[in-house]
Structures are given as C-alpha cells and as structure tokens.
Amino acid sequence: MHAIARFALPTLALAAGLAATQTAEARPNITRKGGQWGVTLGGAMCVPGQAKCARDQVQDGGVTIDGKTRPSFGMGAELGYRFKPWIFAGAAYNLGFFDTSYEVDGGTGYKRAMQNSVYGIVKPILPVWRFDFGLGMGPGFSRQAFVLSNGDKDYSQGFSWVFAPSIDIYVARRIFIGAKVDLLLNGHNKVCRERGNDTSCTKDPERRDLAPVHQMIFGLHIGGTFL
C-alpha cells in the first residue's frame, strides 16, 4: 500500500497540474466587464426604404431626376457598460455618407448626402474563448440630408431603429478587434424641402424622392473595456 501511495500521489499531483494548465489556456486572461467603448470605420450604403436608392428619368413636379444613391464612407462609435460578459448597454452614434450620382433636369444634382443618428442600445453577447458574438439593437433618432449644388436641400428626420451584429476577438487583455454592421432602419414619415428661405414638409409618398432611405454602415470594429 505504501508503494502504491508513493506512486499514486505524485501522479495525481502531476495530473492536477496539467488540468490546471489546460484550464488556464481554455480561459484566456481577458476582461469582459466594466466600461466598454468601440469604434467602427468602413463604408456606408443606401438601403431602399420609403424612398428608393435609384431613380430612372422620374418626373417630379415637372423636374426630371435621374441617378443613384451609391455607397460612400461611414463610421460609428459606442460607449457604455458591460454588466456581465454576456450583456452590454449604452449609447451609439453613427455618421454615414452617400455618393449621390444624380442629374436634375440634365444638370448637376446633389453634391453631398449624409445621415447622423444616435441610439440607446442593448447588446446580448455570446462569449466563446477570446471571441464575442454580439447583436446590438435599440431605438434612436436620425436625420438625413441631400444637399444640392446651390446649398438647397431635401431632408427627413425622426424615429430610427438599429440592428448591429458584430464579431470580435480579444487581442489583448482589454482590447478587441473585429467586424461590425449597423443596419439603420428609419421610420421618418415626412420629407422636407429647403429652397432658399422657404421650407415645406409633406407626408405625400410621391414627394419622397431620395429621402427617407435606410442605411447600412459596415467595417472594421475596434474597442475595449476599461475601469
């Protein structure tokens, strides 16, 4: 019995040590709680909504509009608190541009277009080893404007909702990098036209030429935890 004990005890100790090492490797030294920030840099594209992303020789009150709302640059940021490894809540801001390739009555059309939006978000997260699989969502407010070459503009604003799936991997204890998509679904119910000092707004579907559309912002996602 003593011989068996002298052999078994060191063996059990070695097995326990190996098990502890494997557990440490399976649970990397990363921090998934506390304050959390994130930044998205990439592209932005038009998604058809109450208005379309392309118009082909459409007559609008005697004015012919022809062209497309094409992709451009987009970015976003979020800041909040990660209460548990599997839940984050906070606020988000997005800025997305459109490339407006339009002609108005055969001449130069819109010189720029953009959308600003802010949201309160909740993000359930599935943590797997160093990976985070998240789906942020929440209500907010957005405003989009299509600006003509003379400074006049068409715009819409109001309620918006965001869906934001993301995949990240921790590359350091508190820093992650990955990819993120923000799908911004706008519920604007009217469009306004600013011509000189005059502004007119309407809920008429026939006047929704370029706005409101939905928007998708996508790209590299960098962030981390703090505190």
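The rules behind these values
Residues numbered from 1 in each chain as written. Predicted model: local features only at pLDDT ≥ 70, side-chain atom pairs only at ≥ 80, totals over all residues. Heavy atoms only, no water. pLDDT = per-residue confidence, 0-100. Contact = heavy atoms within 4.5 Å. Disulfide = S-S within 2.5 Å. Buried < 20%, exposed > 50% of the residue type's maximum accessible area, 1.4 Å probe, protein only. Patch = residues over 30% accessible without salt bridge, like charges linked within 9 Å, V, L, I, M, F, W, Y side chains within 5 Å. Areas by Shrake-Rupley, 256 points an atom, 1.4 Å probe, with all protein chains shown as cover. Salt bridge = Lys/Arg side-chain N within 4 Å of Asp/Glu carboxyl O. Helix = DSSP H or I, 4+ residues; strand = E, 2+ residues; numbered from the N terminus. Phe/Tyr/Trp six-rings, centres within 6.5 Å; stacked < 30°, edge-to-face > 60°. Pairing = 2+ DSSP bridges.

Now for the confidence of the model for the protein chain. For the protein chain, the mean per-residue pLDDT works out to 87, and 83% of the residues sit at or above 70. Here residues 18-24 is a poorly scored stretch, pLDDT under 50, and it has 0 contacts once near neighbours within four places are set aside; other chains count.

This part takes up the state of the cysteines. Chemically, a disulfide is nothing more than a covalent bond linking the sulfur atoms of two cysteines. Evaluated as defined, the whole model comprises 2 disulfides. Note on cysteine connectivity: Cys46 is disulfide-linked to Cys53, with sulfurs 2.1 Å apart. Around the S-S axis, the bridge from Cys46 to Cys53 shows a dihedral of about -85 degrees and counts as left-handed. Judged on exposure class, the residue Cys46 and its partner Cys53 are both buried.

A surface patch of nonpolar side chains, about 810 Å² in accessible area, is lined by Trp37, Leu79, Val171, Ile175, Ile177, Leu220, Ile222, Phe226 and Leu227. Taken together, the elements giving at least two residues each to the nonpolar patch come down to β10 (175-186) and β13 (214-226). Broken down by element, the nonpolar patch gets its largest block of residues, 3 residues, from β13. What makes Leu79 exposed here is its relative accessible area of 52%.

One pass over the full model with this rule turns up 8 aromatic pairs. Ring centres 5.8 Å apart and planes at 5 degrees place the aromatic pair Phe98 and Phe146 in the stacked group. Taken together, the positions of Phe98 in strand β5 (residues 87-104) and Phe146 in strand β8 (residues 131-148) put the pair 48 residues apart, joining distant regions of the chain. Exposure class is identical for Phe98 and Phe146. Each is buried. Between the aromatic rings of Trp161 and Phe163, the centroid separation amounts to 6.3 Å while the plane-to-plane angle is 55 degrees, which identifies the pairing as tilted. Relative accessible area serves as the criterion here: at 33%, Phe163 is assigned to the partly exposed category. Taken together, the ring pairs in this structure connect Phe98, Tyr102, Tyr110 and Phe146 into an aromatic cluster.

What follows deals with the pattern of salt bridges. One pass over the full model with this rule turns up 7 salt bridges. With a shortest N-O distance of 2.9 Å, Asp154 and Arg195 are connected by a salt bridge. Here Asp154 is found in strand β9 (residues 153-170), whereas its partner Arg195 is found in strand β11 (residues 191-195), with 41 residues between them in sequence. Of the residues examined, Asp154 reaches a relative accessible area of 5% and is grouped as buried.

As a further point, take the environment of Pro212. Here Pro212 is to be found in the loop between β12 (198-202) and β13. Its relative accessible area of 2% is what places Pro212 among the buried residues. In this structure, the C-alpha to C-alpha distance between Pro212 and Arg143, residues 69 residues apart in sequence, is 9.0 Å. Excluding residues within four positions of it along the chain, Pro212 makes contact with Gly49, Gln50, Ala51, Gln144, Ser156 and His188.

Moving on, we come to the pairing of β11. Note that β9 and β11 share 3 bridges and pair antiparallel. Counted as the bridge partner of Tyr155 is Cys192 from β11. Alignment of β11 against β12, held across 5 bridges, turns out to be antiparallel. Note that in β12 the partner of Arg195 across the bridge is Asp198. Hairpin connection of β11 to β12: 2 residues between the antiparallel strands, including Gly196 at a positive phi of 65 degrees.

Judged from the 13 bridges that link them, strand β1 (residues 34-47) and β13 form a sheet pairing that is antiparallel. By the bridge assignment, Ala44 is partnered in β13 with Ile217. Sheet topology places β10 next to β13; 10 bridges connect them, and they run antiparallel. From the neighbouring strand, Asp182 faces β13, where its bridge partner is Ile217.

As a further point, take unusual backbone geometry. Look at the link from Ala211 to Pro212: it is a cis peptide, with omega at 0 degrees. Of note, Trp129 is a non-glycine position whose phi angle comes to about 55 degrees, a positive value. Mapping Trp129 onto the fold places it in the loop between β7 (110-128) and β8. One non-glycine residue, Leu227, lies in the positive phi region at around 60 degrees. With respect to the secondary-structure elements, Leu227 resides in the segment after β13.

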